[in-house]
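Here are the chains, one letter per residue:
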Amino acid sequence: MHYAGIDIGSLSADTVIVDEQGKMVAYSILPTGANSMVSGEKCFNETLEKAGLAKQDIAYIVATGYGRISVPFADKAITEITCHGRGAYALFPNTRTIIDIGGQDSKVIKLENGGKVIDFAMNDKCAAGTGRFLEVMARAMEVKLQDMGPLSFQAKNKIEISSMCTVFAESEVISLVAQAQPKEDIIAGIHAAICSRVGGMIDRVGLVPEVTMTGGVAKNTGMVASLEKRTGVKINIPEEPQIAGALGAALIARERAQQEKE
Amino acid sequence: MSMLEKYFADLEAALKNKLDEKTTARRRFIYEIARIGGRMFDREWASAWTTVFVPFEILYAMGVAGNFIEFVGAMLAGNGMSRPFFEKAEAEGFSTDSCSYHRTIIGAARQGMFPKPDLLIGSSFPCDGGVKALLRVGEIYDKPVFLLHTPYEQTPESLDYLVKQYRAMIAHITEQTGRTLDPDKLRRAVHNNNVAREHIVQALDLCKNAPSPARSDDWKNFIIYVLLGGDDAAVDVARIFHEEFRHKHEHGIPGLPGEKYRLLWIQNRIQFKNNLIRKLEEDYKANVVIDELNYIFWEPMDESADPLEELARRQLAHPLIGPVERRLDLLKKMAVEFGCHGAVNPSHWGCRQSGGARNMFKETLAQAGVPVIHLDVDCVDERNFSEGQLLTRLEAFMEML
Ligand code: SF4
């Protein structure tokens, strides 16, 4: 039998399927779009196809992410905090602190030995310190999101972005562009701004190494470097950081199914 | 009849009908509160707007019906009526960062929602926001505000100082309304307070059992009980709570069937309608077994002593004044006594009381092995409410437990 985890975030819907041993057999990432119910199902079907499986081969499905309640065919909905904890722990078993910067929120999760969540802090209600913040700034500078990381390494004089608020920071960035300030320096400043926001949460929860970063923003090498500088520790980055939540969900699905059998 | 007067009259009538069908502690409590609220419009009583912690027994013994503004703010929010009042207060320039309990009231007073009160009486604790809101209401109604300054320490000098202020307050009420203090009524109020206190202590003691005979909302906002001010009804309400929970306990009837997790709720509840408690109860079998503000922190009053002194002693013992350690110790004690698995701190926006101490709550309760979740929610202004985000926090917290 196989088990699936579906993570419906604000920007992407991710699915992971694992086998009896908990080994990942397939995954998919699709944009969430306007209808999370449709994208969840589409993503699940696509992953089934990749794995060469049919729906009836999946014994248990756990849905997670903000859209977890819009997956009617899931057996259980579990929050992304627990799922990211489980996923990051599976990828890097020495993980004690997880930094997850997603599209809509960012969170810091603390695990105990064994992978159980013992504390967490979340930033929401405000886009500061999230992937959305980065996206808005990239747009304001007309730079591709994936180029932000490499460009930031070329910064000579990091420019301080004083506003935390996405709206104010956007106009600040636009003014800096208008003043012909080097984009690289502005980008380094943007990373530092997110870092300072997330750093507050890290301090609140208390950093314990190893640290693993999940969520789409972990693909931004400049952001990771900035966080490593702030924390003073090397951060583990999964090969595909976006699917950590879905992977955790799939692993929990496997455990649940086994528990229910017992 | 103003909108609010009609509201209280309708509420009282509706609750009376329900009570005739079946008496429950909660119904009786709300009924009595509605009755007290209705006194605001009854010319047999002088009416006072106050902040939350003033000695309502003294007001009661002077024929003054007191309503604290935070209660009115909560009530408006509970009925989904606050929005225009926020807008009014904000249009006047009040910051959205201020406590929304107070902002509602300023807007409501500006909109002429309430009859002009005869008195405005504030207390320097728990927060200066309340005092400022009352001062603004005083300007709106062109009424003086009497302020009680509660000293920080529990010393004989503080006691003396507070008693003097009570006397000054009594003189102020007499000057403003012509009403005098009825010493017998005050003694009776103190006596009633003692009797009621004992019932509540015992009712709360029963809730220390697992499962608790009460469920999350049975004790919701019980703090407004202070409005009964030592009235005979205060004793009835307390007795019915005690009897109801004793009956349930003795017959093995749990407040929340299948209770699995026991929670401590720090400070105030979320006042507008939402699904958080229902979700906690249904999906996690989690029961709020004790609210910080409901805890009986004072000793019985000495009925042979000067009632003013006894009331002042109670006020000085309040955990929301003095060093924060007082409050922290009590929170820890509650968490242990009630066998709590976790604590929920709404960390109400604009409240410096709870915002400032939030990390200390976490550290202190961690010593008792009780984790805390900070919700960061505005308990009154639902325009700032995103249920999905809060549910994620709360559910993750429950998964963690
Ligand atoms: S919530 Fe805080 S600021 Fe608001 S009335 Fe209560 S103590 Fe004062």
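Nothing here was measured: the structure is a model prediction, and the numbers come from that model.

J.: Explain the overall build of chain B to me, using residue names and the numbers behind them.
T.: Each helix and strand counted, chain B has 15 helices and eight strands in total. A compact globule built from 401 residues would reach a C-alpha radius of gyration of about 21 Å, and chain B, at 20 Å, matches this within 12%. Expressed along its principal axes, the backbone C-alpha trace of chain B runs to roughly 60 × 50 × 50 Å. For chain B, with 401 residues in total, the buried portion stands at 59%. Considering only contacts in chain B between residues 6 or more positions apart, those separated by 24 or more positions represent 77%. For chain B, the distance from the average position of its 49 positive side-chain charges to the average position of its 57 negative side-chain charges is 3 Å.

J.: Can you explain the site of the ligand? Please cite residues and give values.
T.: Neighbouring the ligand are B:Glu70, B:Cys99, B:His102, B:Pro126, B:Cys127, B:Gln267, B:Asn268, B:His348, B:Cys351 and B:Gln353. In terms of residue class, the shell around the ligand is made up of four nonpolar, five polar and one charged.

J.: Residues and numbers for the interface of chain A and chain B, please.
T.: Contacts between the two partners involve 17 residues from chain A, matched on the other side by 18 residues from chain B. The contact between chain A and chain B buries some 1,500 Å² in all, and 48% of this surface belongs to carbon and sulfur atoms. Inspection of the region where chain A meets chain B yields two salt bridges. Viewed at the interface, chain B and chain A are joined by seven residue pairs in polar contact (both at pLDDT 80 or more). Within the residue set of the side of chain A that touches chain B, elements represented by two or more residues are helix H2 (80–91) and strand S8 (117–123) of chain A. With six residues, the top contributor of residues to the side of chain A that touches chain B is S8(A). Looking at side-chain class alone, the side of chain A that touches chain B contains seven nonpolar, three polar and seven charged residues.

J.: Can you tell me about the domain arrangement of chain A, naming the residues and giving the values?
T.: Residues and elements named next belong to chain A. When its domains are assigned, chain A resolves into domain 1 (1–92 + 242–262) and domain 2 (94–237). Computed from C-alpha coordinates alone, the two centres of domain 1 and domain 2 are separated by 26 Å. Across the contact, 13 residues belong to domain 1 and 25 residues belong to domain 2. Considering only the surface of domain 1 that becomes buried against domain 2, Ile 81, Tyr 89 and Phe 92 emerge as the three largest contributors, covering 42% of it. Scanning the region where domain 1 abuts domain 2 turns up zero salt bridges. For the side of domain 1 that touches domain 2, the element with the most residues is H2, which contributes seven residues.

J.: Explain the sheet that holds strand S7 (residues 106–111) of chain A residue by residue, including any values.
T.: Residues and elements named next belong to chain A. What the five strands build is an open sheet, ordered S8-S7-S6-S9-S10; its pairing is mixed. With one partner strand each, in any of the chains shown, S8 and strand S10 (235–236) form the two edges of the open sheet. The sheet contact formed by S7 and S8 spans six bridges and is antiparallel. The partner of Ile 109 across the bridge, within S8, is Phe 120.

J.: Could you give an account of the packing of aromatic side chains, with specific residues and numbers?
T.: Residues and elements named next belong to chain B. A full pass over the atoms with the stated rule returns 16 aromatic pairs over all chains. Consider the rings of Phe 56 and Phe 68, whose centres lie 6.2 Å apart with planes at 50 degrees: the pair is tilted. Of this pair, Phe 56 sits in helix H3 (residues 56–60) while Phe 68 sits in strand S2 (residues 64–68); the two residues are 12 residues apart in sequence, bridging distant segments of the chain. Looking at Phe 56, the relative accessible area reads 3%, which means it is buried. With relative accessibility at 3%, the residue Phe 68 sits in the buried group. Within the aromatic cluster, the residues linked to one another by ring pairs are Phe 29, Trp 219, Phe 222, Tyr 225, Phe 241 and Phe 245. The side chain of Arg 39 reaches across the aromatic face of Trp 45, ending 4.0 Å from its centre.

Reading the values: the criteria
Residues numbered from 1 in each chain as written. Chains lettered and ligands numbered in written order. Predicted model: local features only at pLDDT ≥ 70, side-chain atom pairs only at ≥ 80, totals over all residues. Heavy atoms only, no water. Helix = DSSP H or I, 4+ residues; strand = E, 2+ residues; numbered from the N terminus. Rg over C-alpha atoms; globule rule 2.2 N^0.38 Å. Buried < 20%, exposed > 50% of the residue type's maximum accessible area, 1.4 Å probe, protein only. Contact = heavy atoms within 4.5 Å. Lys, Arg positive; Asp, Glu negative; His and termini not counted. Charge placed at Lys NZ, Arg CZ, Asp CG, Glu CD. Near = heavy atom within 4 Å. Nonpolar A, V, L, I, M, F, W, Y, C, P; charged D, E, K, R; others polar. Buried area = accessible area lost by both parts, 1.4 Å probe. Salt bridge = Lys/Arg side-chain N within 4 Å of Asp/Glu carboxyl O. Polar contact = N/O pair within 3.5 Å; in protein donor to acceptor, adjacent residues only side chain to side chain. Domains from an automatic or database assignment. Pairing = 2+ DSSP bridges. Phe/Tyr/Trp six-rings, centres within 6.5 Å; stacked < 30°, edge-to-face > 60°. Lys NZ or Arg CZ within 6 Å of the ring centre and 35° of its normal.

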